[in-house]
Each structure stands twice: as structure tokens, then as C-alpha cells.
Amino acid sequence: MIYRSADDWRAAAKKRVLLFGMSGLGKTHVSNLLRDAGDWFHYSIDYRIGTRYMGEHIADNFKREAMKVPLLRDLLMTDSVHITSNITFNNLAPLSTYLGKPGDPAKGGLPFAEYMTRQEQHREAEIAALLDTGRFIDRAGALYGYDHFVCDSGGSICEVVEPGDPGNPILSALSDVVLLIWIAGSEAHTAELARRFDKAPKPMYYQPAFLRAAWNEYLGTNGLKEHEVDPDAFVRWTYARAMAHRQPRYAAMARHWGVKVTAEEVAEVRSADDFVELVARAIDARTLERGA
């Protein structure tokens, strides 16, 4: 880790962290709080994915739909209108809408092959965005004079790395420049996240092998053909399995590459100083756990 002890972290003139864990447990909340404190640069992985690496895919998809409308088609063909997405740190709907859900086209579903193509685009984009972290640390200091840096990673970070591999190139590159911090949820948080997702199911990225297995199991269990699948029903069914799949991967990331804090502790953070002390306690806990 880039900070050898809690005291080393507290005294560091440049504090650099990456937050990871399930969406909805406080990553963006803390990142926004630190940014608003004035001396922290906020780097959002999902924003980078949706603008730099998948922005063209997203805009082309909008244009593809617009071309189905005669009036908009004529305007597009004469360069009379401009179509783009308006992604922000707190509104990533264009990205999730593009990822989509597989199933019945009458219910907004995508053919499974197209869905997997978009999943692969996201995988490549997420890896690239994660590997941009070091460059953004340099840019934040050189261009804007920020000493401190927080990377707000997507919930799917654990799907594009191998936490138990000491030579994993992505985690190696990240651990050289930031302290990785897992925001871990309790069983109550898991139940609440599942309730929220059930109310408003949204597209997510999953590992290809996990997704194919889930898709085949869902079709077989329910006796359905691809075009008969209710897209929302499938992603609801998959979400609980995804949470169970991700938890041990997050835990391994924290165990091998960083530290752990709880969502309850994060909810108590009200200032940058609170955050610094929370991380210091997490570093102390890791040191004690390892008997150092």
C-alpha cells in the first residue's frame, strides 16, 4: 500500500484513494463531499467510461433511434440537429440505457448477442478508465493544483480484475498510485439494495461467463426462448446472484490490495477530516489484523 501506517496517511501531503463496492453504499456521496471540500479532485470511472470511451457508441445509438423518425431523419441527414448524451457524475442514465437488457424487443429488450457486444465494450472501457487513474492524478495536480485525489469506481470493478492474482496488471497499477478502500455493506444493506433494484431495475456490467451461465439457467428454468424473456424480470433475477458473486471478490480486493470500511461508518462522514480519520482507523485495523 502507498501509506505504510495510519500516521503516514494522516501526514501525507497528497492523499490519494480509490473507493470500491456495490453501487448505493456511499462511494459517490463521499466523493462529492470530498470534492466540495475544495482540495480534492473527483475522478469518476463511470463518467470517464460514458464520455471518453463509450460516448460515441451512446450517441450513435441515439441517432439510430432518431433515424426511425422521418422528421428527425431529415434533420440528421442535413446536419440540422446535433444529438449527444448529457452524462454527469450524478446522472449516468445514457450509459446504462445503452448497455440495455436482453430479451423481448417489444419490452425494450436487446438480442442476447448484441447485449453481450455492449457488455464487452463496457469491459474494455472500464479497464481503460481504471488505467487512466494515474494520468488523472498527474493532471489534477499539474493543471488544477489539487493535492488530494478520490477515484469513484464503478460497482463492476471486481468483474474486470483478478483480486487474488498478485501480478494483476490493473490492481498493480492502481495500488501504485492510490489506496484502495472497500465500502462493505451489511446484510441489511444488501436487502435494501435488492429492494431498490427490484423497484427500478437498471442495466449493469457482469463477467461474460457469469452472465452466460445466468442467461442459460434463466431460459432453462423458465422454459423460455430468447425473445420471450421479460428484460426487467431477468435483470431482477440476476441482481441477487450478482451481489453474491461480487462480495467475495470485493473482500479479496480489500484483503490483498487495500483496506475495508463499512457503509455505516461512511454514512457518518460529514467532512474531509472525518474521512481522513475513518481511513486511518481502517489502516490501523489492517495492521493489527496482520500482526504488524
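Residues numbered from 1 in each chain as written. Predicted model: local features only at pLDDT ≥ 70, side-chain atom pairs only at ≥ 80, totals over all residues. Heavy atoms only, no water.

Participant: Just give me the short version of helix α8 (residues 133–144), but keep the residues and values in it.
Facilitator: The first and last C-alpha atoms of α8 sit 16 Å apart over 12 residues, in line with the 16 Å expected at 1.5 Å per residue. Within α8, burial applies to Thr133, Phe136, Ile137 and Ala140. Around the axis of α8, the buried residues are gathered within 110 degrees of arc, so they sit on the same side. α8 presents Asp138, Ala142 and Leu143 as exposed residues on the side facing more than 90 degrees away from its buried surface. Check the buried side of α8 and you find it contacts β1 (16–20), β2 (40–44), α3 (45–53), α7 (112–131), β3 (148–152) and α9 (169–175). (Helix = DSSP H or I, 4+ residues; strand = E, 2+ residues; numbered from the N terminus. Expected span 1.5 Å × (residues − 1). Buried < 20%, exposed > 50% of the residue type's maximum accessible area, 1.4 Å probe, protein only. Arc of directions from axis to C-beta. Contact = heavy atoms within 4.5 Å.)

Participant: Quick rundown of the sheet that holds strand β5 (residues 258–262)? Include the residues and the values.
Facilitator: If you walk across this open sheet you meet the 5 strands as β2-β3-β1-β4-β5, and the pairing is parallel. On the outer flanks of this sheet lie β2 and β5, each paired with one strand and no other. On average, adjacent strands in this sheet sit at an angle of 25 degrees to one another, irrespective of strand direction. Taken together, the 5 bridges between β2 and β3 define a ladder with parallel strand orientation. If you follow Trp40 over to β3, its bridge partner there is His148. Against the sheet, helix α14 (residues 272–289) engages β1, β2, β4 (179–184) and β5, with an angle of about 120 degrees to β5. (Pairing = 2+ DSSP bridges. Axes fitted to C-alpha atoms, helices over the stretch in contact; angles between N-to-C directions.)

Participant: Now, about unusual backbone geometry: what can you tell me, with residues and values included?
Facilitator: A positive phi angle is found at Asp79, which is not glycine, with a value near 55 degrees. Following the sequence through the fold, Asp79 ends up in the loop between α5 (70–77) and α6 (93–99). On the accessibility criterion, Asp79 (71% relative accessible area) is exposed.

Participant: Help me get a handle on the layout of surface pockets, residues and values and all.
Facilitator: One number sums up the size of the largest pocket: a volume of about 810 Å³. In terms of lining residues, the largest pocket is bounded by 34 residues, among which Ser23, Gly24, Asp46, Leu92 and Lys202 are the most central. Secondary structure elements with two or more residues in the lining of the largest pocket: α2 (27–37), α6, α10 (187–199) and α12 (231–257). Broken down by element, the lining of the largest pocket gets its largest block of residues, 4 residues, from α6. (1 Å grid on protein atoms, 1.4 Å probe; cavity = no way out; pocket = protein on both sides within 12 Å on 5 of 7 lines; lining within 4 Å. Points joined across faces, edges and corners; volume = space filled by probe spheres on them.)

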